[in-house]
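Geometric and topological summary
This is what each chain is made of:
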Amino acid sequence: MSYVVGIDLGTSAVKALLVDKNGTVAAEASRSYPLFHEHSGWSEQKPEDWVQATIEALNELASSNGIAPDQIEGISFSGQMHGLVLLDADNKPVRNAILWNDTRTTEQCREIERTLGDKLLGITRNPALEGFTLPKILWVRQYEPQAFEQAKLFVLPKDYVRYALTGELHMDYSDAAGTLLLDVAAKEWSSDVLSAFELPASFCPPLVESHGLVGTLLPEIAERTGLQPSTKVFAGGADNACGAIGAGILSEGLTLSSIGTSGVILAYENDKNKDFQGKVHFFNHGKENSFYAMGVTLAAGYSLSWFKKTFAPNESFDEMLQGVGEVQPGAGGLLFTPYLVGERTPHADPAIRASFIGVDGSHERIHFARAVMEGITFSLNESVDMFRSVGKTVDKVVSIGGGAQNPVWLQMQADIFNATVVALENEQGPGLGAAMLAAYGCGWFDSLEACAEQFVKHAASYEPQPEAVETYKGLFRIYQQVYAQTRGMNEALVAYRG
């Protein structure tokens with residue numbers, strides 16, 4: 001039996017999956033690493049921590065019982081997006097990596113908007129947000145000029161790990177799309193953006209397809225991992241692109257609903273000219289010459305975790321949600337907006353905060369719990385609603401993450417999205433997508449679609465219930481009004497948050 005490895009470089013840990021030709025996960029390994037928050041709003045990691053953790057995870061997989069190193073044919077990657085790794089002339093990091101969830105760059109975002117104007121959305125297809133990479137580059141240039149002077153090249157997190165394993169520097173299109181430096185439709189670094197900010201073309205690494213072969217393991221890495229030096233290494237993709245691949249989102253009409261700490265609605269797109277006017281993200285897919293549109297809810301699963309921590313700290317999630325299915329859609333007229341840490345789609349607003357609306361004396365804790373679940377799903381439906389408004393078909397949604405673990409929540413998604421919702425038999429997220437890129441790159445399959453037929457298995461399916469659909473349609477329109485009605489009050493309350 002032959003195997004490939006999918007490596008998912010996350011924010012808190014790296015997870016490696018060993019997958020065979022049937023799509024079965026034969027073994028997995030993970031290692032965590034620290035986050036550094038030197039100042040409020042800062043979020044950094046040490047690139048070498050990623051490398052060490054990845055090598056340890058690979059070594060564990062290579063030591064799996066009954067598997068010979070020469071049976072592992074290829075490796076590919078999924079990586080946390082947007083994180084800035086600046087390299088010097090010797091390809092050594094000049095400082096810690098600044099991560100996607102770092103919010104120090106508001107000033108630089110406004111600078112990008114002033115400098116590029118309408119060109120920004122026309123070229124990069126995305127607005128200037130603190131999470132993206134270009135604002136981080138500009139921040140380092142402004143506030144750490146000595147470090148910036150040393151920097152000759154930038155890469156993203158998984159690209160640095162891949163470089164450490166192979167000695168080769170590349171970046172795939174799906175991750176490059178989140179830098180604000182890529183001409184997304186043309187699939188090339190934008191000379192207009194680079195010149196506007198006086199950055200040389202050499203500052204950007206060579207671009208490659210996600211399934212592209214970029215090298216083999218360095219001898220010393222092969223020795224440390226227990227793998228063969230001939231093991232093929234493929235570029236990989238951004239975590240959301242790999243998550244979509246791992247869920248089989250590879251053709252029009254298929255949409256992904258992912259509810260983790262944050263939430264994502266991601267829809268496959270063939271048309272590189274589809275214009276969402278920056279209201280949702282528009283990125284290159286990990287599938288060649290394909291794209292995806294994506295909306296983000298900042299506090300999706302986090303909202304439910306917050307509710308549990310605050311109102312049911314000594315109970316499991318199952319205990320807290322016992323009886324939630326007996327509460328009728330609408331939670332007895334109780335509405336929740338999940339803006340605990342601000343919002344991304346469709347309101348790029350870091351200051352807005354959450355609210356419960358419609359509370360009365362008949363409501364019990366279970367009504368609040370259901371309202372939280374519904375509010376999270378309404379927020380995701382904002383993206384579904386925008387997709388449909390520009391003519392996209394959203395009739396089948398693959399649900400992954402925490403929202404796919406609860407049958408009540410799966411049915412709720414079907415009713416609010418007014419679409420068929422399916423769960424997966426063996427959900428492995430972005431790591432499986434990375435393994436699929438390696439399998440396709442190794443020539444196991446003629447296409448990613450053929451790979452998905454073998455690797456991605458649908459489980460239970462949920463159809464929208466007409467009565468619940470109508471109830472939620474009315475509530476969703478009310479939900480959409482809440483942001484504008486409460487924004488001013490939230491601004492007034494800022495001084496009292498302490």
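Here, the structure is the one placed above.
Now for a quick tour of the structure. Not measured: the values here are computed from a predicted model.

**Focus: the overall build of the protein**
Secondary structure assignment for the protein yields 17 helices and 24 strands. The C-alpha atoms of the protein give 22 Å as radius of gyration, which agrees with the globular expectation for 498 residues (23 Å, within 12%). Along the three orthogonal principal directions, the C-alpha set of the protein runs to about 70 × 55 × 45 Å. In the protein, the share of contacts with a sequence separation of at least 24, taken over all contacts with a separation of at least 6, comes to 71%. Looking at the protein as shown, the accessible area adds up to about 19300 Å², and 48% of this sits on carbon and sulfur atoms. Taken as two groups, the 37 positive and 60 negative side-chain charges of the protein have centres that lie 3 Å from each other.

**Points about unusual backbone geometry**
In this structure, the amide linkage connecting T345 to the following residue, P346, adopts the cis form with an omega of 0°. With a phi angle near 70°, L180 is a residue other than glycine that sits in the positive phi range. For L180, the position within the fold is in the loop between α7 (173–176) and β10 (182–183). Located in the positive-phi region is K187, a residue other than glycine, with phi close to 60°.

**Some details on the environment of E220**
Note on placement: E220 falls in helix α9 (residues 219–225). For the pair E220 and V25, spaced 195 residues apart in the sequence, the C-alpha separation amounts to 27 Å.

**A word on the packing of helix α13 (residues 365–389) against helix α17 (residues 466–493)**
Relative orientation of the contacting elements α13 and α17 amounts to 80°, with a least axis distance of 10 Å. Taken together, the axes of α13 and α17 lie roughly perpendicular to each other. Across the interface between the two elements, R370, E374, G375, F378, S379, N381, E382 and D385 of α13 pack against Y472, L475, F476, R477, Y479 and Q480 of α17. Partitioning the contact of α13 with α17 into residue classes produces five nonpolar, four polar and five charged.

**A word on the pattern of salt bridges**
Summed over all chains, the structure comprises 22 salt bridges. Between D102 and R104 there is a salt bridge; the shortest N-O distance is 2.8 Å. This pair shows no difference in class: D102 is buried, exactly as R104 is. Of the charged contacts, one joins K392 and E269 as a salt bridge, the two residues approaching to 3.0 Å between their closest N and O atoms. With K392 in the loop between α13 and β22 (396–401) and E269 in strand β17 (residues 263–269), this residue pair connects regions lying 123 residues apart in the sequence.

**Brief notes about the packing of aromatic side chains**
For the coordinates displayed, the defined rule picks out 23 aromatic pairs. Judged by centre distance (5.7 Å) and plane angle (85°), the ring pair of F445 and F455 falls under edge-to-face. With F445 in the loop between α15 (430–441) and α16 (448–455) and F455 in helix α16, the pair connects residues that are 10 residues apart, well separated along the chain. Each member of the pair, F445 together with F455, is buried. By the ring-pair criterion, three or more aromatic residues cluster together here, those being W306, F307, F311, F336, F356 and F368. Against the face of F36 rests K46, its NZ or CZ located 5.3 Å from the ring centre. If you follow K308 out to its NZ or CZ, it ends over the ring of F317, 5.6 Å from the centre.

**Describing the state of the cysteines**
As used in these notes, a disulfide is a covalent bond between sulfur atoms, one from each of two cysteines. Taken as a whole and assessed by the stated rule, the structure comprises zero disulfides. C242 takes part in no disulfide bond, and the closest cysteine sulfur, belonging to C451, lies 12 Å away. The class of C242 is buried, set by a relative accessible area of 0%.

**Focus: the sheet that holds strand β16 (residues 254–259)**
Reading across the sheet, the seven strands line up as β18-β19-β17-β16-β22-β23-β24 and stay open at both edges, with mixed pairing between neighbours. In this open sheet, the two edge strands, each paired with only one partner strand, are β18 (281–284) and β24 (458–462). The sheet shows a mean angle of 25° between the axes of neighbouring strands, taken without regard to direction. Where β16 meets β17, five bridges bridge the pair, whose relative direction is antiparallel. Counterpart to S257 in the pairing with β17 is I265. Contacts between helix α14 (residues 407–417) and the sheet are confined to β16, β17, β22, β23 (420–424) and β24, with β23 contributing the most and set at about 145° to the helix.

**Structural notes on helix α6 (residues 157–166)**
Among the 10 residues in α6, 10 count as buried, and that is most of the element. Among all positions of α6, only P157, K158, D159, Y160, V161, R162, Y163, A164, L165 and T166 are buried.

**Digging into α13**
Helix length check: α13, at 25 residues, gives a terminal C-alpha distance of 36 Å against a target of 36 Å (1.5 Å per residue), a fit within 8%. Of all the bends in α13, the largest measures some 25° and sits at L380. One or two steps after α13, the chain reaches G391, where phi turns positive at roughly 95°.

**Some thoughts on the nonpolar core**
Counting residues in each nonpolar core, the largest one holds 132 residues, and the members touching the most others are F154 and F455. It is α13 that contributes the most residues to this core, 12 residues altogether. For F154, the residues in contact, after removing those within four places along its chain, are L84, V85, L86, T133, I137, M171, T179, L181, W189, F203, C204 and P205. Membership of the second largest hydrophobic core comes to 42 residues, among which are A16, A29, L165 and A222.

Reading the values: rules and limits
Residues numbered from 1 in each chain as written. Predicted model: local features only at pLDDT ≥ 70, side-chain atom pairs only at ≥ 80, totals over all residues. Heavy atoms only, no water. Helix = DSSP H or I, 4+ residues; strand = E, 2+ residues; numbered from the N terminus. Rg over C-alpha atoms; globule rule 2.2 N^0.38 Å. Contact = heavy atoms within 4.5 Å. Areas by Shrake-Rupley, 256 points an atom, 1.4 Å probe, with all protein chains shown as cover. Lys, Arg positive; Asp, Glu negative; His and termini not counted. Charge placed at Lys NZ, Arg CZ, Asp CG, Glu CD. Axes fitted to C-alpha atoms, helices over the stretch in contact; angles between N-to-C directions. Parallel < 35°, antiparallel > 145°, perpendicular 65-115°, else oblique. Nonpolar A, V, L, I, M, F, W, Y, C, P; charged D, E, K, R; others polar. Salt bridge = Lys/Arg side-chain N within 4 Å of Asp/Glu carboxyl O. Buried < 20%, exposed > 50% of the residue type's maximum accessible area, 1.4 Å probe, protein only. Phe/Tyr/Trp six-rings, centres within 6.5 Å; stacked < 30°, edge-to-face > 60°. Lys NZ or Arg CZ within 6 Å of the ring centre and 35° of its normal. Disulfide = S-S within 2.5 Å. Pairing = 2+ DSSP bridges. Expected span 1.5 Å × (residues − 1). Bend = angle between axes of the 7 residues up to and from the residue. Core = buried A, V, L, I, M, F, W, Y, C linked by side-chain atoms within 4.5 Å.

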